[in-house]
Amino acid sequence: MKTLDPDQLKTYRARGHLTVEGIFGEAEIRAAIADAEIWAKEEIGKLDAGQQAWYVEGAITDRAVLRKLDNPIYLRPAFRSLAANEGLLAMVEQLIGPSPKAFFSQIFFKAAGGGGPKPVHQDNYYFGPNDPEGMVTVWIALDDADEGNGCLYYADGSNLGATIPHTAPEGEPFNLLIPDDAAAAYEMTPAPVPRGGVSFHHGNTLHQSSDNQSDRPRRACAIHYGNGNVELVHSNLSYDADVVVSF
Ligand SMILES: O=C(O)CCC(=O)C(=O)O
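Nothing here was measured: the structure is a model prediction, and the numbers come from that model.

(A) Representation of the overall build of the chain in the model. From N to C terminus, the chain includes 8 helices and 13 strands. Computed over C-alpha atoms, the radius of gyration of the chain comes to 17 Å, within 12% of the 18 Å expected from 2.2 N^0.38 for 247 residues, which places it in the range of a compact globule. The C-alpha extent of the chain, read off along each of the three principal axes, is 50 × 45 × 35 Å. Per-residue burial over the chain gives 52% buried out of 247 residues. Excluding contacts between residues fewer than 6 apart, the proportion of contacts in the chain whose partners are at least 24 apart in sequence is 86%. For the chain, the exposed area adds up to about 11000 Å²; of that, 51% sits on carbon and sulfur atoms. Within the chain, one finds 19 positive and 33 negative side-chain charges whose respective centroids are separated by 4 Å.

(B) Looking closely at helix 6 (residues 86-96). In terms of burial, helix 6 is a largely internal element, 8 of the 11 residues being buried. When we look at burial in helix 6, the residues that qualify are Gly87, Leu88, Leu89, Ala90, Met91, Val92, Leu95 and Ile96. Where helix 6 is buried, its residues touch helix 1 (6-15), strand 1 (17-20), helix 5 (77-83), strand 7 (135-141), strand 10 (198-202) and strand 12 (220-226). Capping the start of helix 6 is the job of one residue whose side-chain oxygen sits 3.0 Å from the backbone nitrogen of Gly87: Asn85. Among the residues trailing helix 6, Gly97 stands out with phi positive, at a value near 105°.

(C) Focus on helix 2 (residues 26-44). When the terminal C-alpha atoms of helix 2 are compared, their 27 Å separation across 19 residues agrees well with the 27 Å that a helix rising 1.5 Å per residue should span. For helix 2, the complete set of buried residues consists of Ile29, Ala32, Ile33, Asp35, Ala36, Trp39 and Ala40. Buried residues belonging to helix 2 abut strand 3 (65-66), strand 4 (68-70), helix 4 (72-75), helix 5, strand 5 (101-108) and strand 7.

(D) Geometry of the layout of surface pockets. In this structure, the largest pocket spans a volume of roughly 800 Å³. Taken together, 40 residues make up the lining of the largest pocket; nearest its centre are Trp54, Arg67, Lys68, Gln106 and Lys118. Grouping the constituent residues of the lining of the largest pocket by class yields 18 nonpolar, 12 polar and 10 charged.

Calculation rules
- Residues numbered from 1 in each chain as written.
- Predicted model: local features only at pLDDT ≥ 70, side-chain atom pairs only at ≥ 80, totals over all residues.
- Heavy atoms only, no water.
- Helix = DSSP H or I, 4+ residues; strand = E, 2+ residues; numbered from the N terminus.
- Rg over C-alpha atoms; globule rule 2.2 N^0.38 Å.
- Buried < 20%, exposed > 50% of the residue type's maximum accessible area, 1.4 Å probe, protein only.
- Contact = heavy atoms within 4.5 Å.
- Areas by Shrake-Rupley, 256 points an atom, 1.4 Å probe, with all protein chains shown as cover.
- Lys, Arg positive; Asp, Glu negative; His and termini not counted.
- Charge placed at Lys NZ, Arg CZ, Asp CG, Glu CD.
- Polar contact = N/O pair within 3.5 Å; in protein donor to acceptor, adjacent residues only side chain to side chain.
- Expected span 1.5 Å × (residues − 1).
- 1 Å grid on protein atoms, 1.4 Å probe; cavity = no way out; pocket = protein on both sides within 12 Å on 5 of 7 lines; lining within 4 Å.
- Points joined across faces, edges and corners; volume = space filled by probe spheres on them.
- Nonpolar A, V, L, I, M, F, W, Y, C, P; charged D, E, K, R; others polar.

See below:
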């Protein structure tokens, strides 16, 4: 089984993120995408007005397009099997310690032709773990993600700093972000990831993604793991303890 080598661990500790290509094979990725698309069709009609504001991208075309779906690891076997991948879990344990549990997971659809941006933020501000070193986000590229279709951008080394106060735009209490003047102090570096690869990021690492103006989707699955001792003690959004999956 492939694990992270000392250089990769050093890179992660210094920059707060690390890209590893080829963790998942084409068959697993295809199965996950097929399931995500079926699930999205089922869910989009069920959303009430409040949920639509958060989950639907209104402006792309006259057709509503889902922005994201929550908790695929808990709800969908195709995604649970990605999260349970033995090699992936070994890497997660190298980064945060033993007995990982997935607190939350999300599929981001970032549709072709206008899938919206995600502003600069730190995942630890959202989750509020008792141990900031104990959380890692595993961001699985379901499509090739690059600067053209809205890959992630990171502020290298921001994992070594503290969490910064976030604010939420009027009417979007869920969209916690670093205000523009504070975010402008950081240089953001693109982190392209080929389909089937993973970008790991530390909970304090500042990151963002731009909109997708290409004609290619940029679908991804983010899994937020903590080690076995992590508890979310001061989270700024509410997370359901019943959907935590331990590995
Ligand atoms: O995929 C995106 O555009 C945002 C992902 C993100 O913020 C995360 O995985 O923490």
